[in-house]
Amino acid sequence: MRVNRISHARRHAALGVSVVALAAGVTTGAGPAAAQPKAAAAAAAECSSAYKIEQKLSSGTTWSMCWRYDGKAGLVLEDISYQPKGEAAPIKVLNSARLGQIHVPYDDGSVEYDDLTGFGFAQGLMNLDPGECPGGTIKKVKVPDSWDPDQSDVSGLCTTTRSRGHAYRMQGDSANKVYQAQGKDLLVYSVNQVGWYEYMTEWRFQDDGTITMNLGATGSLSYYDYDAGDGRGWPIGKGPRAQATSHSHNAFWRLDFALDGSSKNRVEQYDSTVTAAAAGQQAPSTKTTRTPVTKELAGDAKSYRWWRVVSAVGKNKDWHPRSYEIVPGPSTKYPGRSFTKHDVYFTEYNECEQFASNNPGNCGAGAGKSVDKWVNGQTLTHPVVWMNVGFHHIARDEDQQPMPVHWQGFSIAPRDVTAMNPLTPAELAGQNGQWTPGS
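Figured I'd write up the structure that's included with this text. (Residues numbered from 1 in each chain as written. Predicted model: local features only at pLDDT ≥ 70, side-chain atom pairs only at ≥ 80, totals over all residues. Heavy atoms only, no water.)

Quick look at the environment of Lys184
Take Lys184: it is sitting in strand β8 (residues 178–194). Remark: the alpha-carbon pair of Lys184 and Thr61, spanning 123 residues in sequence, is separated by 9.1 Å. With residues up to four places along the chain from it excluded, the contact list for Lys184 reads Leu57, Ser58, Arg162, Ser163, Arg164, Phe205, Gln206 and Asp207. Only 2.9 Å separates the side chain of Lys184 from the side chain of Ser163, close enough to count as a polar contact. (Helix = DSSP H or I, 4+ residues; strand = E, 2+ residues; numbered from the N terminus. Contact = heavy atoms within 4.5 Å. Polar contact = N/O pair within 3.5 Å; in protein donor to acceptor, adjacent residues only side chain to side chain.)

See below:
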């Protein structure tokens, strides 16, 4: 909550930093320079050991990537590759992945914030206690434009592994054997304080090739902000006097795909239509239609609709083009601003288009400062995906004190990246496509 989101001293520092940074156009930070995307053979991430994350999970899958820290976006992951067991080389998935904005408008219309480009998100990187990164490693991060230059090195990046429960379970056809495996994830995360909030930026790299991006908000409700007397707030504490102002968190992610090492990917949209059962049918029928997305698109999620990003150069061992499907998470889409009115944007790569709103880059006359303005009919040859996931926060008594984490996010899931389940046990490896019992 934030009418007074930070102390007066920190407000002054945060606003000072943001004004200077915007004036200078600062978007780079610690870590290796961001390479321009290019078509290349899939390979492991290339960066110095200090900025490399490589983890072989117990199931045999290896994830590899580089990291750097940006002066506005915070943690940026680059050159992300996935190598499941049975694949001779890493399969590149993404040139880069990061947050694209956190937009926070208040229900009473009094204020709104763009936390990444206007409120010092990156400068609020927090030190992590070893207990917050169980079994893992906490890396030192040099924070650009740090509020305190003498304390710009922050122990703020955790890499660890976690179990996620069943990856699969299957009863054998002989009814006397169970095939099951417990899934493993590489977890990469950092925590950034913005006023009363602490944002947890979490990336989960699963051993089945799925990547899940989550933003968690925790920390504290602002005790200066219990003044929503206009009927838009929720009573906090004893009686009806202290009313916390409701607001939205509209989180954007920016994904630059590079399947099989090439940025020349295709985008496809799939829609299914269900019709009533015809004479002689036992059930309704469903027809699915593929629509190539050849030009920039502002897309809306709905039932029976999904998108995938398809490799233009690589196929799996079944000769099917590799792709990643976009799997939206729960979202409360905020209709108050043009850039939050759609769930996903596919734009043609442009180096200056870095943030979904309040973009500091100079993209040319008439280009606009938000992602919706960049969807202007360009042909997609190097698509960038912007995902918008909204959360409407109406506070509750249980939000104090401290406030439990509330999460928002989405996933990208492999579709035909491998010919079979990458975690398939050896004795089932022959059951690919049409098979006979006993094979």
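Description of the pairing of strand β17 (residues 305–315)
Both strand β14 (residues 266–275) and β17 contribute to a ladder of six bridges, which runs antiparallel. The partner of Tyr270 across the bridge, within β17, is Trp306. Two elements, β17 and strand β18 (residues 321–327), share five bridges in a ladder whose sense is antiparallel. When the sheet's bridge partners are listed, Arg308 is paired in β18 with Glu325. With antiparallel pairing between neighbouring strands as the criterion, β17 and β18 make up a hairpin whose turn holds five residues, including Trp319 at a positive phi of roughly 65°. (Pairing = 2+ DSSP bridges.)

Structural notes on the packing of aromatic side chains
On inspection of all chains with the given rule, the structure shows 12 aromatic pairs. Considering the side-chain rings of Tyr113 and Phe119, the 5.0 Å spacing of their centres and the 75° angle between planes classify their relative orientation as edge-to-face. Classification of Tyr113 as buried rests on a relative accessible area of 9%. For Phe119, a relative accessible area of 6% puts it in the buried group. Put simply, the rings of Trp63, Tyr82 and Phe205 pair up and form one aromatic cluster. A cation over a ring is seen here: Arg98 above Phe355, with NZ or CZ 4.7 Å from the ring centre. (Phe/Tyr/Trp six-rings, centres within 6.5 Å; stacked < 30°, edge-to-face > 60°. Buried < 20%, exposed > 50% of the residue type's maximum accessible area, 1.4 Å probe, protein only. Lys NZ or Arg CZ within 6 Å of the ring centre and 35° of its normal.)

Describing the sheet that holds β14
Pairing is antiparallel across the open sheet formed by 10 strands, whose spatial order is β6-β7-β8-β9-β10-β21-β18-β17-β14-β15. Each edge of the open sheet carries a strand with a single partner, namely β6 (137–142) and β15 (285–293). Ignoring which end each strand starts from, the neighbouring axes of this sheet average 25° apart. Bridge analysis of β18 against strand β21 (residues 403–415) gives five bridges, and the strand direction is antiparallel. Paired with Glu325 across the strands is Ala413, a residue of β21. (Axes fitted to C-alpha atoms, helices over the stretch in contact; angles between N-to-C directions.)

Remarks on unusual backbone geometry
Omega for the bond connecting Gln400 with Gln401 falls within 30 degrees of zero, at -5°, which places this linkage in the cis form. Of note, Gln401 is situated in the loop between β20 (383–393) and β21. That bond from Gln401 to Pro402 is cis: its omega, 10°, falls within 30 degrees of zero. You can see Pro402 is positioned in the loop between β20 and β21. Positive phi values are uncommon outside glycine, yet Tyr304 reaches one of about 65°. The phi angle at Trp319 is positive, at roughly 65°, despite the residue not being glycine. For Trp319, a relative accessible area of 67% gives the class exposed.

Some words on the state of the cysteines
Applying the stated criterion across every chain, the model contains three disulfides. Covalent S-S linkage joins Cys47 and Cys66, the inter-sulfur distance amounting to 2.2 Å. Where Cys47 bonds to Cys66 through sulfur, the torsion about that S-S bond is close to -100°, and the disulfide is left-handed. Of this pair, Cys47 sits in the loop between α1 (8–24) and β1 (52–56) while Cys66 sits in strand β2 (residues 62–70), and the two are 19 residues apart along the sequence. (Disulfide = S-S within 2.5 Å.)

Describing the environment of Ile91
Relative to the helices and strands, Ile91 is located in strand β4 (residues 91–105). What makes Ile91 buried here is its relative accessible area of 4%. Measuring from C-alpha to C-alpha, the distance between Ile91 and Gly314 comes to 9.3 Å, with 223 residues separating the pair along the chain.

Let's talk about the pattern of salt bridges
This model, assessed by the stated rule, comprises 21 salt bridges. Put simply, Arg68 and Asp70 hold a salt bridge, and the shortest N to O gap is 3.7 Å. Taken as a pair, Arg68 and Asp70 share a single burial class, namely buried. A salt bridge links Asp372 to Lys373, with the shortest nitrogen-to-oxygen separation between them at 3.0 Å. In this structure Asp372 comes out as buried when scored by relative accessible area, which is 17%. On the basis of relative accessible area, Lys373 is assigned to the partly exposed category, the value being 43%. Look at the salt bridges and you will find they share partners, linking Arg164, Asp185, Glu202, Arg204, Asp207 and Asp208 into a network. (Salt bridge = Lys/Arg side-chain N within 4 Å of Asp/Glu carboxyl O.)

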